[in-house]
Amino acid sequence: MPLSIQPMPKPEQLPVAQASQQQQLRRQSHWRKTLMLTCALFVLWFFVSFVLIFFARILSFKLFGWPFSFWVAGQGALLVYCLIIWFYARRMNRLDADFLRAKESD
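Reading guide: rules and limits
Residues numbered from 1 in each chain as written. Predicted model: local features only at pLDDT ≥ 70, side-chain atom pairs only at ≥ 80, totals over all residues. Heavy atoms only, no water. Helix = DSSP H or I, 4+ residues; strand = E, 2+ residues; numbered from the N terminus. Buried < 20%, exposed > 50% of the residue type's maximum accessible area, 1.4 Å probe, protein only. Contact = heavy atoms within 4.5 Å. Areas by Shrake-Rupley, 256 points an atom, 1.4 Å probe, with all protein chains shown as cover. Salt bridge = Lys/Arg side-chain N within 4 Å of Asp/Glu carboxyl O. Core = buried A, V, L, I, M, F, W, Y, C linked by side-chain atoms within 4.5 Å. Axes fitted to C-alpha atoms, helices over the stretch in contact; angles between N-to-C directions. Parallel < 35°, antiparallel > 145°, perpendicular 65-115°, else oblique. Phe/Tyr/Trp six-rings, centres within 6.5 Å; stacked < 30°, edge-to-face > 60°.

Caption draft 1: A look at the overall build of the chain. The number of helices and strands found in the chain is 2 helices and 2 strands. Listing every helix and strand of the chain by position from the N terminus yields α-β-β-α. Residues counted as buried form 18% of the 106 residues belonging to the chain. If you take every contact in the chain between residues at least 6 apart in sequence, the share linking residues at least 24 apart comes to 60%. About 8,700 Å² of surface is accessible on the chain, with carbon and sulfur atoms providing 68% of the total.

Caption draft 2: Region of the structure containing the pattern of salt bridges. Scanning the entire structure with this criterion turns up 1 salt bridge. With a shortest N-O distance of 2.9 Å, Asp98 and Arg101 are connected by a salt bridge. Residue Asp98 and its partner Arg101 are both found in helix α2 (residues 68–105); the two are separated by 3 residues, about one turn of the helix. Classification of Asp98 as partly exposed rests on a relative accessible area of 36%. Taking the relative accessible area as the measure of exposure, Arg101 reaches 52% and is therefore exposed.

Caption draft 3: Spotlight on the nonpolar core. Leu37, Leu41, Ile84, Met92 and Leu95 form the largest nonpolar core, which has 5 residues in total. Of all the elements in the fold, those that place two or more residues in this core are α1 (21–56) and α2.

Caption draft 4: Focus on the packing of α1 against α2. Two numbers describe how α1 lies on α2: the axes approach to 10 Å, and their chain directions differ by 180°. Here α1 is positioned roughly antiparallel relative to α2, judged by the angle of their axes.

Caption draft 5: Summary view of the packing of aromatic side chains. For the coordinates displayed, the defined rule picks out 3 aromatic pairs. Ring geometry for Phe42 versus Trp45: centroids 5.4 Å apart, planes at 25°, classification stacked. One end of the pair, Phe42, and the other, Trp45, are both in helix α1, 3 residues apart, so they sit about a helical turn from each other. Where Trp45 meets Phe50, the ring centres are 5.7 Å apart and the plane angle is 90°; that geometry is what we call edge-to-face. Given a relative accessible area of 32%, Trp45 falls into the partly exposed group. Among the residues examined, Phe50 registers a relative accessible area of 45% and is labelled partly exposed.

Caption draft 6: Representation of the environment of Ala73 within the structure. With respect to the helices and strands, the residue Ala73 is situated in helix α2. Taking C-alpha positions, Ala73 is 9.1 Å from Val48, a pair spaced 25 residues apart along the chain.

Written as structure tokens, this is what we have:
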């Protein structure tokens, strides 16, 4: 059975039971922050995956006794990927907690 991935609905497309204007603005703000975080981390991923590794061949200096291009491809990129995942999880937990706290205060 093929696995299908559905795109996330926008906040205005979610079923809302008599949501106030303030709740809708809060949802839109949360969605905007989520998209901005995702886009920023995607740009960082793209830079490390393609741009930095492509141009690392030009930078022919040694770092800790190894060529810089080898270090970036073998070690540095993996560290950055782990940091991206860690930062995304931490920041989204904080954004979600703030959103739920504001939702409960209504």
